[in-house]
Amino acid sequence: MDFNVTTLDGQDAGKITLSDAIFGLDPRQDLIQRIVRWQLAKRQQGGHKTLSRSQVSRTGAKMFKQKGTGRARHHAASAPQFRGGGRAHGPVVRSHAHDLPKKVRALGLRHALSAKFKSSDIIVVDSFTSTDPKTKVLAGTLGKLGIVNALFIGGAELDKNFSLAAANIPNVDVLPIQGINVYDILRRGKLVLSKDAIAALEERFK
């Protein structure tokens, strides 16, 4: 399918042919949800932990004599039922990541791209270049294009000036093609692709 290409200044830059196998699928929400869940689970820190009975630093002396007090027999103050004692069955450091087949992840990315195309939220720009790393200038340029919340996907190498200029613009992310992922695509309103990014995607999924 043919798609219009523009410049960052909003000028017409011709047309480009988008692959139906990447941008023309009927989006499956269940598949996209699986990818997002996998990404967020992999990102989750999992560093929560409490001290168990064996890790609490308390005296090991017997609290009181075994018999004759009328109280239950106890051995150590580190037991969970005492104030300052260890936690029974508490959380431990662990990884929340789970496996997802590589083919499913690749298919999920194609469905996310197709979902953006179907909702008319894709913009193709000839290249991401900037003469100066000026945030104010780039913000004004994006404002003329009506871009206030977007993910920019460039080629393998990003223009340094463009990356620096976009770094301080709220709700705007810039990634090389290697970093494209379903979660970042969905969390931004518009998906702005360079021609190099389109070529890399077609090479990846051919």
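Please read all numbers here as calculations on a predicted model, not as lab measurements.

Quick notes on the rules
- Residues numbered from 1 in each chain as written.
- Predicted model: local features only at pLDDT ≥ 70, side-chain atom pairs only at ≥ 80, totals over all residues.
- Heavy atoms only, no water.
- Pairing = 2+ DSSP bridges.
- Helix = DSSP H or I, 4+ residues; strand = E, 2+ residues; numbered from the N terminus.
- Axes fitted to C-alpha atoms, helices over the stretch in contact; angles between N-to-C directions.
- Salt bridge = Lys/Arg side-chain N within 4 Å of Asp/Glu carboxyl O.
- Buried < 20%, exposed > 50% of the residue type's maximum accessible area, 1.4 Å probe, protein only.
- Expected span 1.5 Å × (residues − 1).
- Contact = heavy atoms within 4.5 Å.
- Polar contact = N/O pair within 3.5 Å; in protein donor to acceptor, adjacent residues only side chain to side chain.
- Domains from an automatic or database assignment.

Asker: Tell me about the sheet that holds strand β5 (residues 172-175), residues and numbers included.
Answerer: With respect to topology, 6 strands assemble into an open sheet ordered β2-β1-β3-β6-β4-β5, the strand pairing being mixed. At either margin of the open sheet sits one strand with a lone partner, and together these are β2 (12-17) and β5. Between one strand axis and the next, the sheet turns by 30° as a mean value, whatever way the strands run. As judged from the 4 bridges shared by strand β1 (residues 2-6) and β2, these two strands associate in the antiparallel manner. Its bridge partner being in β2, Phe-3 is matched across the sheet by Ile-16.

Asker: Please set out the pattern of salt bridges residue by residue, giving values where relevant.
Answerer: One pass over the full model with this rule turns up 7 salt bridges. Of the charged contacts in the structure, one is a salt bridge between Lys-190 and Asp-121, with a shortest N-O distance of 3.3 Å. On the criterion of sequence distance, the pair formed by Lys-190 in strand β6 (residues 190-194) and Asp-121 in the loop between α3 (102-118) and β3 (122-125) is long-range, its members being 69 residues apart. What makes Lys-190 partly exposed here is its relative accessible area of 27%. A salt bridge links Arg-187 to Asp-184; the shortest N-O distance between them is 3.8 Å. Here Arg-187 pairs with Asp-184, and both are found in helix α6 (residues 182-187), just 3 residues apart, close to one helical turn. A network of salt bridges, in which partner residues are shared, links Asp-173, Asp-184, Arg-187 and Arg-188.

Asker: Which residues make up α3, and what values go with them?
Answerer: Taking 1.5 Å as the rise per residue, α3 with 17 residues should run 24 Å; its terminal C-alpha atoms sit 24 Å apart, in good agreement. What α3 keeps buried is the set Val-104, Gly-108, Leu-109, His-111, Ala-112, Leu-113, Ser-114, Ala-115 and Lys-116. Buried residues belonging to α3 abut α1 (20-23), α2 (29-43), β3, α6, β6 and α7 (195-204).

Asker: How would you summarise the environment of His-111 if you had to cite specific residues and measurements?
Answerer: As for its position among the elements, His-111 is in helix α3. Under the relative-accessibility criterion, His-111 is labelled buried at 7%. The spatial distance from the C-alpha of His-111 to the C-alpha of Ala-21 is 9.5 Å, given a sequence separation of 90 residues. Discounting chain neighbours no more than four positions away, the residues touching His-111 are Leu-25, Asp-26, Pro-27, Arg-28, Leu-31 and Ile-32. In terms of polar contacts, His-111 uses its side chain to reach the backbone carbonyl oxygen of Asp-26, at 3.5 Å.

Asker: Which residues make up the pairing of β3, and what are the values?
Answerer: Across a regular strand the side chains alternate sides, sitting on one face of the sheet and then on the other. Alignment of β1 against β3, held across 2 bridges, turns out to be parallel. Within β3, the residue paired with Thr-6 across the bridge is Val-125. As paired strands, β3 and β6 are joined by 4 bridges and run parallel to one another. Pairing of Ile-122 across the sheet is with Leu-191, part of β6.

Asker: Give me the domain arrangement of the protein chain: which residues, what numbers.
Answerer: The domain boundaries assigned to the protein chain delineate domain 1 (2-45 + 97-205) and domain 2 (50-90). Taking only C-alpha atoms into account, the centre of domain 1 sits 57 Å from that of domain 2.

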